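Single-letter residue listing:
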Amino acid sequence: MRKLATFSLQDVRQIARDKTLKFYVVVPFLLVALVRYLIPYLTEIYPQLISSYPMIMMFTAIQASIMFGFITSFLLLDEKDEGLLPILRVLPITSGYFIIYRLLLGGLASFTMALITIHTSGIAYPGFYKSVLLSIQYGLAAPLITLVVATFAKNKVEGMACFKGVDLLFILPLLSFLIASIPKQVFLPLPTYWTFRLYEASIIGEALGLYFWIGTLVYLVLITFLFGQFRKRVFDR
Amino acid sequence: MISVQNLSYKYPSADIQALSTVDFNIERGEIFGFLGPNGSGKTTTQKVLFKLLTGYDGQAQIDGVEARDWDESLYQRIGVSFELPNHYLKLTALENLNFFGAFYPRQLDPLEVLEMVDLKEDANRRVADFSKGMKMRLNFARSFLHDPEVLFLDEPTSGLDPVNAKTVKNIILELKSRGKTIFLTTHQMYDADELCDRVAFIVEGHIKACDAPKNLKLKYGKSSVEVQLAHGSGKSVFDIQDLGNNVEFLAFIKSAEVETIHSKEASLDDIFLSVTGKSLV
Ligand SMILES: Nc1ncnc2c1ncn2[C@@H]1O[C@H](COP(=O)(O)OP(=O)(O)O)[C@@H](O)[C@H]1O
Ligand SMILES: [Mg+2]
């Protein structure tokens with residue numbers, strides 16, 4: 001517990017003293033505010049926008065929640081840059097404790113942010129129970145993005161590019177709602193496809209089980225694989 | 001305290017062995033040094049011992065337990081100072097020490113430790129504003145903050161000016177006087193000479209000699225006398241052994257007026273060169 005508190009305090013300090021990271025903490029809230037106040041106004045002008053509410057929320061929730069994945073990945077990149085990973089490995093803590101802590105932190109922050117987003121944006125609200133299920137998947141997107149960036153980016157510039165690349169892959173499945181002619185199979189390996197389907201199903205009142213369980217499984221498989229890659233390529237070297 | 005036998009290690013990405021059949025022992029309370037040029041395997045040996053590198057062949061034991069069998073409790077008993085500075089740059093020196101100290105059951109007073117390495121005035125400055133030498137001293141300070149029994153110091157004086165190097169060396173000697181076992185690496189013979197109870201000469205992953213600096217000098221070093229004759233009549237070097245019976249020497253000093261005579265002690269540098277065939281720099 002004490003170690004957890006030490007790590008969290010450390011991360012809060014790191015974020016508070018970094019202009020970029022501080023900015024990225026605020027971004028998700030700006031996004032939520034934008035949806036909450038701009039969309040009703042736009043809807044008055046273009047009433048047909050109502051049919052796009054679920055899609056707007058699918059997009060907003062993923063953008064808001066992965067910011068915390070981005071922040072944790074930058075904390076890790078900083079530590080990688082400054083040669084801190086070896087010193088963290090000679091601390092008297094179980095190997096892996098530190099990475100798992102980081103991933104949980106990002107995941108928990110993203111989960112909370114997704115919940116806040118779905119509740120306060122004021123559109124396409126699926127109810128509390130369903131929004132928790134959705135937020136679990138949105139929360140899992142953060143550790144995924146953290147691991148990709150921290151494993152494959154050599155520095156922050158590459159980290160930014162990597163983040164944008166993964167972000168693009170994450171929002172790509174939205175196309176399946178827009179262009180019916182693209183075969184659905186293309187999107188199946190992308191975990192957000194399942195999250196977006198889950199969102200759609202919870203709005204139109206379909207059964208959620210399939211999308212929730214398969215989606216969660218896809219997230220967990222990818223996270224497990226990338227966790228191994230991160231340890232092999234970065235942490236244990 | 002530390003026992004290494006037949007240790008070999010190859011980096012997965014390399015085609016040659018970084019260490020081959022390395023043997024040495026470090027007694028409790030001893031300062032043991034690895035002296036060798038860059039790339040000779042000093043850092044690699046230390047990293048094997050504290051488990052940053054796995055998959056070695058041979059034996060590498062700390063306190064009778066093989067490195068691979070130690071769990072994380074090893075890290076309460078050892079302190080590590082890495083070759084390159086690694087700190088949270090956005091935090092102050094004191095915040096850095098407080099952070100790392102929080103992982104141990106007991107620690108020294110961080111401010112006192114900072115005072116020892118002459119960083120007390122800078123305790124509340126961010127490490128990003130530190131010079132390389134200051135960061136190195138902070139590395140060193142962190143290694144003994146939790147009062148470990150064994151210290152691994154990788155090039156503890158590199159990048160330090162003579163005054164700060166002296167400070168660090170004095171602390172190392174003080175840690176020894178408090179019973180700590182210290183394994184340090186260096187490529188500077190003065191450090192090895194001043195600090196180490198025993199040094200090992202390491203070249204290309206292999207130990208070529210291992211003994212007290214004094215014994216190495218006795219065994220391999222020849223002290224000599226350099227004679228300079230006046231008016232440019234010549235200069236010559238003679239072995240100091242049995243000098244009074246050295247006919248050539250006696251003839252030489254009679255041949256012209258002597259301007260200077262200097263005796264020269266063999267330095268560890270010279271001995272290193274003659275034992276290993278490699279120069280230290
Ligand atoms: N991460 C690594 N991957 C591959 N080879 C390495 C790595 N680190 C060091 N080496 C090689 O291992 C040898 C020993 O290196 P090292 O132990 O760092 O030497 P020293 O500390 O004495 O300068 C060198 O030939 C070096 O090039
Ligand atoms: Mg080295």
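Everything discussed here concerns the structure shown above.
Residues numbered from 1 in each chain as written. Chains lettered and ligands numbered in written order. Predicted model: local features only at pLDDT ≥ 70, side-chain atom pairs only at ≥ 80, totals over all residues. Heavy atoms only, no water.

### Let's talk about the overall build of chain A
Put simply, the rule is: Secondary structure counts use DSSP, requiring at least four H or I residues in a row for a helix and at least two E residues in a row for a strand, with both numbered from the N terminus. For the radius of gyration, the atoms used are the C-alpha atoms, and the globule rule reads 2.2 Å times the number of residues raised to 0.38. Whether two residues touch is decided by their heavy atoms; if any such pair falls within 4.5 Å, the residues are in contact. Here the Shrake-Rupley method, with its probe set to 1.4 Å, supplies the accessible areas, and only the displayed protein chains count as covering residues. Counting rule applied: Lys, Arg positive; Asp, Glu negative; His and chain ends not counted. Charged groups are reduced to one reference atom each: NZ for lysine, CZ for arginine, CG for aspartic acid, CD for glutamic acid.
Looking only at helices and strands, chain A features 10 helices and 0 strands. Going residue by residue from the N terminus, the α and β elements of chain A occur as α-α-α-α-α-α-α-α-α-α. The C-alpha atoms of chain A give 18 Å as radius of gyration, which agrees with the globular expectation for 237 residues (18 Å, within 12%). Each of the three principal axes of chain A carries a C-alpha extent, and together these read 60 × 35 × 35 Å. Across chain A, contacts joining residues at least 24 apart in sequence account for 73% of those joining residues at least 6 apart. Summed over its atoms, the accessible surface of chain A is roughly 10800 Å², and 72% of this surface lies on carbon and sulfur atoms. Taken as two groups, the 20 positive and 12 negative side-chain charges of chain A have centres that lie 5 Å from each other.

### A word on the coordination of the magnesium ion (ligand 2)
Applied cut-off: Coordinating donors are taken to be N, O and S atoms lying within 2.8 Å of the metal, or within 3.2 Å when the metal is Na, K or Ca; because water is excluded from the atom set, some sites may appear incomplete.
For the magnesium ion (ligand 2), the protein coordination sphere consists of Thr-43 of chain B (OG1), Glu-83 of chain B (OE) and Glu-83 of chain B (OE), at 2.0 to 2.8 Å. Here Thr-43 of chain B is found in helix H1 (residues 42–49), whereas its partner Glu-83 of chain B is found in the loop between strand E6 (78–81) and helix H3 (93–101), with 40 residues between them in sequence.

### Considering the interface of chain A and chain B
Inclusion rule: Defined in terms of a 1.4 Å probe, buried area is the accessible area two parts forfeit on being brought together, summed over both. Salt bridge, as used here: a side-chain nitrogen of Lys or Arg that lies within 4 Å of a carboxyl oxygen of Asp or Glu.
Of the residues lining the interface, 24 residues belong to chain A; the matching set on chain B comes to 24 residues. Summing the contributions of chain A and of chain B, the shared interface buries around 2500 Å²; its carbon and sulfur component is 61%. Among the residues of chain A in contact with chain B, Arg-17, Val-90 and Pro-92 of chain A are the three that bury the most area, contributing 26% of the side total. Asp-18 of chain A is the salt-bridge partner of Lys-90 of chain B, the closest N and O atoms lying 3.3 Å from each other.

### A short note on the site of ligand 1
All names here are of chain B. The line we're drawing: If even one non-hydrogen atom of a residue comes within 4 Å of a molecule or strand, that residue is called near it. Pairs of N or O atoms within 3.5 Å make up the polar contacts considered here, provided that, within protein, one atom can donate a hydrogen while the other can accept it, and that residues adjacent in sequence are counted only when both atoms are side-chain atoms. Classification used: nonpolar for Ala, Val, Leu, Ile, Met, Phe, Trp, Tyr, Cys and Pro, charged for Asp, Glu, Lys and Arg, polar for all others including Gly.
Neighbouring ligand 1 are Tyr-11, Ser-13, Ala-18, Pro-37, Asn-38, Gly-39, Ser-40, Gly-41, Lys-42, Thr-43 and Thr-44. In this structure, Gly-39 approaches ligand 1 through a main-chain N or O atom, which is 2.7 Å from an oxygen atom. For ligand 1, an oxygen atom lies 3.1 Å from a polar atom in the backbone of Ser-40. In isolation ligand 1 has 560 Å² of accessible area, and contact with the protein removes 64% of it. For the shell around ligand 1, the residue count by class is 3 nonpolar, 7 polar and 1 charged.

### Comments concerning the sheet that holds strand E12 (residues 235–239) of chain B
All names here are of chain B. This is how it is decided: Criterion used throughout: strands pair if DSSP finds at least two bridges between them. Only the stretch in contact is used when a helix axis is fitted, and all axes are lines through C-alpha atoms; the angle between N-to-C directions ranges over 0 to 180 degrees.
Strand order across the open sheet formed by 3 strands is E12-E11-E13, with antiparallel pairing between neighbours. Here the strands that pair on one side only, and so sit at the sheet edges, are E12 and strand E13 (258–264). Taken pair by pair, the neighbouring strands of this sheet meet at an average axis angle of 20 degrees, ignoring direction.

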